[in-house]
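Next come the chains, spelled out residue by residue.
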Amino acid sequence: MTALTSPPTRPEAAPGPARPSVLTRLGAQHLSLIGALVAVLAVFGTLNDNYLSLDNLQVIAEAATITGLLAVVQTVVIICGGLDISVGSQAGVASVVSAMAFTSAGSNAYAGIAAAVGVGLLIGLLNGVVIVHGRVNPTIATLAGLAAYKGLAQLISDGRAQGYVLGDPVFVFLGRGKIAGLPVMVWLLVLVALAVHVLLARTDLGRNVYAIGGNDTAARLAGININKYLIAVYGLIGVVAALAGVLLTARTGSGQPTSGSEGLELKAITAAALGGCALKGGKGGVGGTLLAVALLGCLENGLTVQGINSFWQNVAQGALLVVAVVVQQRRSGERAVGLPA
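Engineer: Outline the overall build of the protein, supporting the account with residue identities and numerical values.
Structural biologist: If you tally the helices and strands in the protein, you get 13 helices and two strands. Counting across all 341 residues of the protein, residues that qualify as buried make up 43%. Long-range pairs, those at least 24 residues apart, make up 76% of the contacts in the protein between residues at least 6 apart in sequence. Split by element, the accessible area of the protein, about 17600 Å² in all, is 65% carbon and sulfur.

Here you go:
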C-alpha cells in the first residue's frame, strides 16, 4: 500500500528589488531645497498679499532666467572639475556686441544675435585654451577673464549703453513675448536646461564629464581626451553666456556693458553649489541647480518687495554659498583644514 504524498510545491519567486519611492528618488539635497523654497514663499506670501500673485511670480521667473542660464552651464563646468568666474562679464560683452551689431547691420536682429553668439564662443574657447594649454588654474584664469572681459565691454561701448532694440520685433519677442502664457525667456531656460540634462544624464559625453570631474587620472587612463572636453565645456559656457547677454539686451532695450551683468557669476556659482554640485567635481545635476535658482530668485524678490536694503541680498547670497560648501564638506567626511581628524 503506497503512502499518500503531497504534490511538489513550486518554489516562491524571489521578490524583485523594491521600487524607490518618490522621496528617495528626489534625494535629501532636492528635498531640502524644496522645503526652503516653500518656506520662503510662505513667509513672504504672509508678509505681502501680492507676493504670490501671478504677475509677481512672472516677474520672479523673468528675473531668474538669466541667472538660471548661467547656473546651468556653470553646473557642467563644475561637474567637470573646473570653474568659470567670468560668466557675468561674458554676458556683458555679448550684450554690447548684440546691440552694436544690430545697429551696424541696419537694425538686423539676427545679425546682432549671431555676432553675440560668435563672440561668446570665441571667449569661451579662449578660456579653455588658457586653462588647458597655458596650464592655468581655472579659478585664476577666469578671475582674470572677469576683469578683462568687463574692461573689454566698457572699451567697445565707451562705458555707455549701446543701441536701441525695443523697436525691433525679434528683441521685443525675446524680452517680453509669451508662449502659452509663459515668457519666452522662461521657455529658453527650460530648453537649455533640458538639453544640458539630457547631455549629462543620457549620453556618453555626459558620463565622461562626470568621470573627468570625479577622477581625472582614471578618466585619462580610460582613454578620455580631457583637454578636448575642457575646451568644449568652456566653449559651451561662452555660447550660453552670450545667449544670456542677448536676453539682457532684449530686457533692457540696449546693450549693457556692466549694468545687469555684474554679480551674475556669484549667483550662478551659488545656485550650482546649493543645487548639489561638488566644487571638486564629479557630482551635481541640472534639477538641483534649477531649484536653487528658484530659491534665490524668490528670496531676492521677497527682500525687494519688503523694501529691505539691496545690500542685504549680497549678504544673503554669500551666506548661502558658505552654507552650501559647509554642508558639502560635512557630507563628504573630509577632515577640516588645520584640525585633527
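Engineer: Could you give me a rundown of the packing of helix 7 (residues 184–202) against helix 8 (residues 204–214), with the residues and numbers involved?
Structural biologist: Two elements in contact, helix 7 and helix 8, have axes whose closest approach is 5 Å; the angle formed by their N-to-C orientations is 75°. Regarding the angle of helix 7 to helix 8, the classification is roughly perpendicular. Where helix 7 abuts helix 8, its residues Leu-199, Leu-200, Ala-201 and Arg-202 lie against Leu-205, Gly-206, Arg-207, Val-209 and Tyr-210. Here the residues of the contact of helix 7 with helix 8 sort into six nonpolar, one polar and two charged.

Engineer: Explain the environment of Val-97 to me, using residue names and the numbers behind them.
Structural biologist: The residue Val-97 is located in helix 3 (residues 87–104) in this model. A relative accessible area of 15% means that Val-97 is categorised as buried. Sequence spacing of Val-97 and Pro-257 is 160 residues, and the spatial spacing of their C-alpha atoms is 9.2 Å. In contact with Val-97, not counting residues within four places along its chain, are Ala-115, Ala-116, Val-119 and Ile-156.

Engineer: Hey, could you go over the packing of helix 3 against helix 5 (residues 138–157) for me, with residue numbers and the actual values?
Structural biologist: Interhelical geometry of helix 3 versus helix 5 gives an angle of 20° and a closest axis separation of 8 Å. When the interaxial angle is binned, helix 3 and helix 5 end up roughly parallel. Handedness of the helix 3/helix 5 crossing: left-handed. Contacts from Ser-89, Gln-90, Gly-92, Val-93, Val-96, Val-97 and Met-100 of helix 3 reach helix 5 at Gly-145, Leu-146, Tyr-149, Lys-150, Leu-152, Ala-153, Ile-156 and Ser-157. Partitioning the contact of helix 3 with helix 5 into residue classes produces nine nonpolar, five polar and one charged.

Engineer: Would you mind going over the pattern of salt bridges in detail, with residue names and values included?
Structural biologist: By the definition in use, this model includes four salt bridges. One salt bridge in this structure joins Arg-160 and Asp-158, with 2.8 Å as the shortest N-O distance. Each member of the pair, Arg-160 as well as Asp-158, carries the same accessibility label: exposed. For Asp-204, the salt bridge is made with Arg-207, and the minimal N-O distance between the two is 2.7 Å. Of this pair, Asp-204 and Arg-207 both sit in helix 8, separated by three residues, roughly a single helical turn. For Asp-204, a relative accessible area of 52% corresponds to the exposed category.

Engineer: Please provide a residue-by-residue account of helix 11 (residues 264–274), values included.
Structural biologist: Counting buried residues along helix 11, 10 of its 11 residues qualify, which places the element largely inside the surrounding structure. Every buried residue of helix 11 is accounted for by Leu-264, Glu-265, Lys-267, Ala-268, Ile-269, Thr-270, Ala-271, Ala-272, Ala-273 and Leu-274. Gly-276 sits one or two residues past helix 11 and shows a positive phi near 110°.

Engineer: Explain unusual backbone geometry to me, and be specific about the residues and the numbers.
Structural biologist: The backbone phi angle of Ser-107 is positive, close to 60°, even though this residue is not glycine. For Ser-107, the location among the structural elements is in the loop between helix 3 and helix 4 (109–133). Overall, the relative accessible area of 45% leaves Ser-107 in the partly exposed class. Backbone geometry at Arg-135 places phi at a positive 55°, although glycine is not the residue there. The residue Arg-135 is located in the loop between helix 4 and helix 5 in this model. Judged by its relative accessible area of 77%, Arg-135 falls in the exposed class.

Definitions and cut-offs
Residues numbered from 1 in each chain as written. Predicted model: local features only at pLDDT ≥ 70, side-chain atom pairs only at ≥ 80, totals over all residues. Heavy atoms only, no water. Helix = DSSP H or I, 4+ residues; strand = E, 2+ residues; numbered from the N terminus. Buried < 20%, exposed > 50% of the residue type's maximum accessible area, 1.4 Å probe, protein only. Contact = heavy atoms within 4.5 Å. Areas by Shrake-Rupley, 256 points an atom, 1.4 Å probe, with all protein chains shown as cover. Axes fitted to C-alpha atoms, helices over the stretch in contact; angles between N-to-C directions. Parallel < 35°, antiparallel > 145°, perpendicular 65-115°, else oblique. Nonpolar A, V, L, I, M, F, W, Y, C, P; charged D, E, K, R; others polar. Left-handed = near helix turned anticlockwise from the far one by under 90°. Salt bridge = Lys/Arg side-chain N within 4 Å of Asp/Glu carboxyl O.

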